[in-house]
Amino acid sequence: MQSVLIEAFGNPAEVVHTADRPLPQPGPGEALVRMRLSPIHNHDLAILRGVYGYKPPLPAIPGTEAVGVIEALGEGVKGLQVGQRVATASAQNTWATHFCSAAAKLVPVPDALPDEAACQLLAMPLSALMLLEDMKLTAGQWFAQNAANGAVGKALAALAAARGIHSVNLVRRAEALAELAQAGVAGGIHTGADDWKAQVKALTGGAPIVRAIDSIGGKAAQQLMGLLAENGELFIFGSLSFQPLELNGGDLIFKQAVVKGYWASKRFAATPPAELARMIGELTRAVLGGQLKLPVGGVYGLDHAAAAMAAAEQPGRAGKVLLRG
């Protein structure tokens, strides 16, 4: 089979290349999937750099989410069939024409959902929905997030709005405000503006911001901490800057704030199947109903993986960059 391969960690566009690898065979409880589309996420790029919480043994086939069609079933697999279209996340080795997955991680995809949406439904939107529910907010309350123009940020804002929960959506580039507007996300604020804090106060009407989500790290974490109300909670979801958190001890103490790490893969693994099915159903209905938009910023063949990595790291891209099997 054709695959994307890395033999060292480093700059994603420089370490990926295409190689022929043996076709895997499904073991007990597994299925062999013919990959149709697989997205390039920020955590995939972090894995390629060797700076993620999971570091695969080398050489490795990257990729963690995909949609495809089942071609073979291993011993003992029930509830799935050859020819069925499925999606998966928290997977491995999906940047190839074929990959094996635990059958329990495969989710049947309704016919109405196109491949372009199905291939990116689980990792980012599902993470956003899990995070939203774990923040334990009620209608009318406010939260703030940075990197709001990313896939998780836009999904989180849209899903929150559907529940009557308000969001302050911070971005680092003025051009990203247009990206938010195009996605139907309100409450966008550029932190490069001199009066951005005053804009936040005007947006919220002075209402307390009780939760915040940091996906950048470094000084951006303190920007959010500064917005938090007393007894607020700051969720550390990502580290796009690759910089250590900078937090003011006074804010932590006098606001009695709580800072907690959030790794969606762990949450996904601990979630009962019935609960996952409920969440995936909600996401599917949101996509089909137009409330949740999952745009595509380009589709590349496996033999153009380096160009795909470069495209995935371009600021201002229209949507998720995908690899075609």
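In this convention, every chain numbers its residues from 1, walking through the sequence in written order. Reporting of local features is limited, given that this is a predicted model, to residues whose pLDDT is at least 70; pairs of side-chain atoms are given and counted only at 80 or more, and all residues count toward the totals for whole chains, interfaces and linings. Calculation of side-chain values draws on the structure's entire complement of heavy atoms; hydrogens and water are dropped beforehand.

(A) Fine view of the pattern of salt bridges. Salt bridge, as applied in this entry: a Lys or Arg side-chain nitrogen positioned within 4 Å of an Asp or Glu carboxyl oxygen. All chains considered together, the criterion is met by 13 salt bridges. As a salt-bridge pair, aspartate 134 and arginine 267 come within 2.7 Å of each other at their nearest N and O atoms. Separated by 133 residues along the polypeptide, aspartate 134 in helix H4 (residues 124-134) and arginine 267 in helix H10 (residues 264-270) bring together distant segments of the chain. Shared partners join several salt bridges into a network, and the residues in it are Glu133, Arg163, Glu275, Arg278 and Glu282. Secondary structure elements follow DSSP: runs of H or I of four or more residues count as helices, runs of E of two or more count as strands, with numbering from the N terminus.

(B) Region of the structure containing the sheet that holds strand E10 (residues 188-190). An order of E10-E9-E8-E11-E12-E13 is seen for the 6 strands of this open sheet, with the pairing classed as parallel. Two strands in the sheet have a free side with no partner beyond their single neighbour: E10 and strand E13 (258-261). Strand-to-strand twist of the sheet, defined as the mean angle between neighbouring strand axes without regard to direction, takes the value 20 degrees. Strands qualify as paired when DSSP identifies two bridges or more between them. Taken together, the 4 bridges between strand E12 (residues 228-236) and E13 define a ladder with parallel strand orientation. Residue pairing for E13: isoleucine 236 is matched across the bridge by glycine 261. Helix H7 (residues 196-204) contacts strand E8 (142-145), strand E9 (166-171), E10 and strand E11 (209-214) of the sheet and is inclined by roughly 165 degrees relative to E9. Against the sheet, helix H8 (residues 220-227) contacts E8, E9, E11, E12 and E13, and its axis sits at roughly 150 degrees relative to E12. Lines fitted to C-alpha atoms define the axes here, with helix axes fitted over just the stretch in contact, and angles between the N-to-C directions of these axes take values from 0 to 180 degrees. Contacts are assigned to residue pairs that have any heavy atoms within 4.5 Å of one another.

(C) Molecular detail of the nonpolar core. Ranked by internal contacts, the top residues of the largest apolar core, which has 45 residues, are Leu121, Leu131, Met135, Phe143, Leu156 and Ile213. Elements with a contribution of two residues or more to this core: helix H3 (115-118), H4, helix H5 (151-162), E11, H10 and helix H11 (273-288). Residue contributions to this core peak at 7 residues, all from H4. Setting aside residues no more than four positions away along its own chain, methionine 135 makes contact with Phe143, Leu156, Arg211, Ile213 and Phe235. Take the buried residues of types Ala, Val, Leu, Ile, Met, Phe, Trp, Tyr and Cys, join any two whose side-chain atoms come within 4.5 Å, and each joined set is a nonpolar core. Residue exposure (1.4 Å probe, protein chains only): buried if accessible area is under 20% of the type maximum, exposed if over 50%, otherwise partly exposed. Counting 28 residues, the second-largest nonpolar core is a separate cluster that includes Val4, Ala60, Leu302 and Ala308.

(D) Expanded view of empty space enclosed by the protein. Of the grid points, spaced at 1 Å and generated over the protein atoms alone, those admitting a 1.4 Å probe that cannot get out make up cavities, while open sets with protein on both sides within 12 Å along at least five of seven lines make up pockets; any residue with an atom within 4 Å of a point is treated as lining. Grid points are joined across faces, edges and corners, and a volume is the space filled by probe spheres set on the points. Taken as a whole, this structure holds 1 cavity of 30 Å³ or more when the rule is applied. By volume, the largest cavity amounts to about 70 Å³. Lining of the largest cavity is provided by Lys154, Ala155, Ala158, Ala183, Val185, Gln291, Leu292, Lys293 and Pro295.

(E) The arrangement of the environment of phenylalanine 237 in detail. Within the element layout of this structure, phenylalanine 237 appears in the loop between E12 and helix H9 (249-254). For the pair formed by phenylalanine 237 and valine 16, sequence separation is 221 residues and the distance between their alpha carbons is 26 Å. If sequence neighbours within four positions are ignored, phenylalanine 237 has contacts with Ser127, Leu131, Val152, Ile213, Asp214, Ser215, Tyr262 and Ala264.

It is worth stressing that arrangement in space is one thing and function is another; only the former is reported here.
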